[in-house]
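Read off the chains here:
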Amino acid sequence: MEQRVDLIGLSETELVSFVESLGEPAYRGRQIFAALQHRRLRSFDEMTDLPKKLRARLKEVARASSLTVASRYLSADGTRRYLMKTHDGLPVETVFIPEEHRDTICFSSQSGCPLQCTFCLTAQLGLLRSLTPSEIVEQVLIALNDAYGTGVKPPRGTNLVGMGAGEPFLNFDSLLKALRIMADRNGLFIVPNRVTISTAGIVPRILDLAKLSDRPHLAISLAAPTDELRNELMPINKRWPLEHLLNACKIFEQSLKPGERFTFEYVMLAGVNDSEEHARQLANLLNRHGLKAKVNLIPHNPADPLPYQPSPEQTVARFKDVLEAKGIQVYVRRPRGRDIFAACGQLAARQERSVLSEVAT
Ligand code: SF4
């Protein structure tokens, strides 16, 4: 069963080779690619334009879907949150956020996460495993089908953010492959310019991305302006401290082409990293490295087992003022889906016990 090929994770060219290996003509590969990626069909039975015999053969050797939706939550603000499961029973979380002019889908790159950010519930799962290209793409197919119906063209553009569970840059090759598949104009046609990937600061991959053309926008999660505090909040900082990280950011910033976006994310934790002194330290740090990137201030989504609260609005406003006075561009992100825990990693970890006990049975 596990030997079957996940067709959602194949490019059109790979699908053509795959069907040719079954003795089928090349056009069948293109037909199946369009069925999966454009018509968003998730079973061979629905592909009624394929001969029955071929559908039966495909079922033996391949899969048109490998994720199932275990739970789905709808927030009062229209945000939809999914807890999906892989074929081997591991949690995958995805969030669909409708906005006036576009929809944003936040996808996961790993089940669980090996990094130990102390403000994140997913960290408590540890790494269960990295997701395959197929599992990354299928999250987007499922969210679009749920919002609009199978294969229905979304009325607005779709943006993607790789800010769900996991560290995307620890699953770099699968991530890039999934993005290439989703960019195909015969499929979802979500081009890299509509995608933002957030990293906790995996320096070698930031440098790799600096050399790539056709790449997504990049966001770096900072969370602290000093090594002392960042070591505590994001222990990955011990591996790649701020000086090292920001040097890589400078190299990346110098590689930016018109239209590409590069931002810093700063989660605001009440009484932890949100003082005016922290804001001055952050501004000085970015200015010392000559970084022009905008800073997004992110409201923390409180979650029971975590010892953090979101910063009060006035504190966020003061933090913003200090940064702006020192020439930093700042944007305060609006909390979405707070009633369904739509922050990074919150759903899977909340459901950890039930999901993992099902894995065990
Ligand atoms: S914040 Fe992101 S990188 Fe950090 S533990 Fe959570 S999922 Fe992993």
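Rules used in this analysis
Residues numbered from 1 in each chain as written. Predicted model: local features only at pLDDT ≥ 70, side-chain atom pairs only at ≥ 80, totals over all residues. Heavy atoms only, no water. Helix = DSSP H or I, 4+ residues; strand = E, 2+ residues; numbered from the N terminus. Rg over C-alpha atoms; globule rule 2.2 N^0.38 Å. Buried < 20%, exposed > 50% of the residue type's maximum accessible area, 1.4 Å probe, protein only. Contact = heavy atoms within 4.5 Å. Areas by Shrake-Rupley, 256 points an atom, 1.4 Å probe, with all protein chains shown as cover. Lys, Arg positive; Asp, Glu negative; His and termini not counted. Charge placed at Lys NZ, Arg CZ, Asp CG, Glu CD. Salt bridge = Lys/Arg side-chain N within 4 Å of Asp/Glu carboxyl O. Right-handed = clockwise from strand over helix to strand, strands pointing away. Pairing = 2+ DSSP bridges. Axes fitted to C-alpha atoms, helices over the stretch in contact; angles between N-to-C directions. Near = heavy atom within 4 Å. Nonpolar A, V, L, I, M, F, W, Y, C, P; charged D, E, K, R; others polar. Phe/Tyr/Trp six-rings, centres within 6.5 Å; stacked < 30°, edge-to-face > 60°. Lys NZ or Arg CZ within 6 Å of the ring centre and 35° of its normal. Expected span 1.5 Å × (residues − 1). 1 Å grid on protein atoms, 1.4 Å probe; cavity = no way out; pocket = protein on both sides within 12 Å on 5 of 7 lines; lining within 4 Å. Points joined across faces, edges and corners; volume = space filled by probe spheres on them. Arc of directions from axis to C-beta.

> What should I look at first to understand the overall build of the protein chain in this one?
In terms of helices and strands, the protein chain carries 13 helices and 14 strands. What you see for the protein chain is a C-alpha radius of gyration of 21 Å, in line with the 21 Å of a compact globule of 361 residues. Projected onto its principal axes, the C-alpha coordinates of the protein chain cover approximately 70 × 45 × 40 Å. Looking at the protein chain as a whole, 55% of its 361 residues are labelled buried. Taking the contacts inside the protein chain whose residues are at least 6 apart along the sequence as the reference set, 68% of them involve residues at least 24 apart. Of the roughly 15600 Å² that the protein chain leaves accessible, carbon and sulfur atoms contribute 51%. Averaging the locations of the 46 positively and 41 negatively charged side chains of the protein chain gives two centres separated by 3 Å.

> What is the right way to read the pattern of salt bridges from this model?
Any two side chains of opposite charge can pair if their charged atoms end up close together. For the coordinates displayed, the defined rule picks out 22 salt bridges. When the shortest N-O distance is used, the salt bridge between Arg 63 and Asp 6 registers 2.6 Å. In this pair, Arg 63 is assigned in strand 2 (residues 62-63) and Asp 6 in strand 1 (residues 5-6), connecting sequence segments 57 residues apart. Each member of the pair, Arg 63 as well as Asp 6, is classed as buried. Of the charged contacts, one joins Glu 99 and Arg 102 as a salt bridge, the two residues approaching to 3.7 Å between their closest N and O atoms. Given the relative accessible area of 34%, Arg 102 is considered partly exposed. Taken together, the shared-partner salt bridges connect Arg 72, Arg 80 and Asp 146 into one network.

> Got a minute to help me understand the pairing of strand 11 (residues 217-221) in this structure?
Each regular strand carries side chains that alternate between the two faces of the sheet. For strand 11, a buried count of five out of five residues is recorded, marking the element as mostly surrounded by other parts of the structure. Where burial is concerned, the two faces of strand 11 agree: the one with His 217, Ala 219 and Ser 221 and the one with Leu 218 and Ile 220 are both buried. Read as a crossover between parallel neighbours, the route from strand 10 (residues 195-199) over helix 6 (residues 203-211) to strand 11 is right-handed. Sheet topology note: the strand 11/strand 12 (residues 262-268) ladder contains four bridges and is parallel. Looking at the pairing, Ser 221 lines up with Glu 265 of strand 12.

> Please clarify how the sheet that holds strand 12 should be interpreted in this entry.
The pairing of strands in a sheet happens through backbone hydrogen bonds and is either parallel or antiparallel. Read from one edge of the open sheet, 10 strands run 3-4-5-6-9-10-11-12-13-14, paired in mixed fashion. In this open sheet, the two edge strands, each paired with only one partner strand, are strand 3 (68-74) and strand 14 (330-332). In this sheet, adjacent strand axes meet at a mean angle of 20° when their direction is disregarded. Pairing geometry for strand 12 and strand 13 (residues 294-299), over six bridges, is parallel. From the neighbouring strand, Glu 265 faces strand 13, where its bridge partner is Asn 296.

> Looking at this structure, I do not really get the site of the ligand. What am I missing?
Taken together, seven residues lie around the ligand, and Cys 113, Leu 115, Cys 117, Cys 120 and Gly 166 are the ones closest in. Grouping the constituent residues of the shell around the ligand by class yields six nonpolar, one polar and no charged.

> I tried to follow the packing of aromatic side chains on my own but got confused; where do I start?
Working definition: an aromatic ring pair is given by the centre-to-centre distance plus the angle between the planes. Counted under the stated rule, the structure contains five aromatic pairs. Between Phe 262 and Phe 264, the aromatic rings sit 5.4 Å apart at their centres with planes inclined by 55°, giving tilted as the arrangement. Relative accessible area serves as the criterion here: at 5%, Phe 262 is assigned to the buried category. Given a relative accessible area of 0%, Phe 264 falls into the buried group. The ring of Phe 172 is capped by Arg 205, whose NZ or CZ atom sits 5.8 Å from the centre of that ring.

> Quick question: what am I supposed to make of helix 4 (residues 133-148) here?
Helical geometry: 3.6 residues make up each α-helical turn, so side chains three or four residues apart lie on a common side. In a regular helix each residue adds 1.5 Å, so 16 residues correspond to 22 Å; helix 4 covers 23 Å between its end C-alpha atoms and thus fits that length. Of all 16 residues making up helix 4, 13 are buried, and the element is well covered by its neighbours. At the C-terminal side of helix 4, Gly 149 shows a positive phi close to 100°.

> What am I meant to see in the layout of surface pockets here?
Take a probe with the size of a water molecule and roll it over the atoms, and the empty space left behind shows itself. Approximately 370 Å³ is the volume attributed to the second largest pocket. For the second largest pocket, the lining is made up of 17 residues, of which Lys 153, Pro 154, Gly 187, Leu 188 and Phe 189 are closest to its centre. Of the residues in the lining of the second largest pocket, the class split is five nonpolar, six polar and six charged.

> How should I be thinking about helix 10 (residues 276-288) in this particular structure?
Over its 13 residues, helix 10 runs 18 Å from end to end, which matches the ideal 18 Å to within 8%, given 1.5 Å per residue. Looking at helix 10, one finds that the buried residues are His 278, Ala 279, Leu 282, Ala 283, Leu 285 and Leu 286. The buried side chains of helix 10 occupy one side of the element, clustering within an arc of 160° when seen end-on. If you follow the buried residues of helix 10, they end up packed against helix 7 (227-233), helix 9 (242-254), strand 12, strand 13 and helix 11 (313-325). Remark: Gly 290 follows helix 10 within two positions and exhibits a positive phi of approximately 65°.

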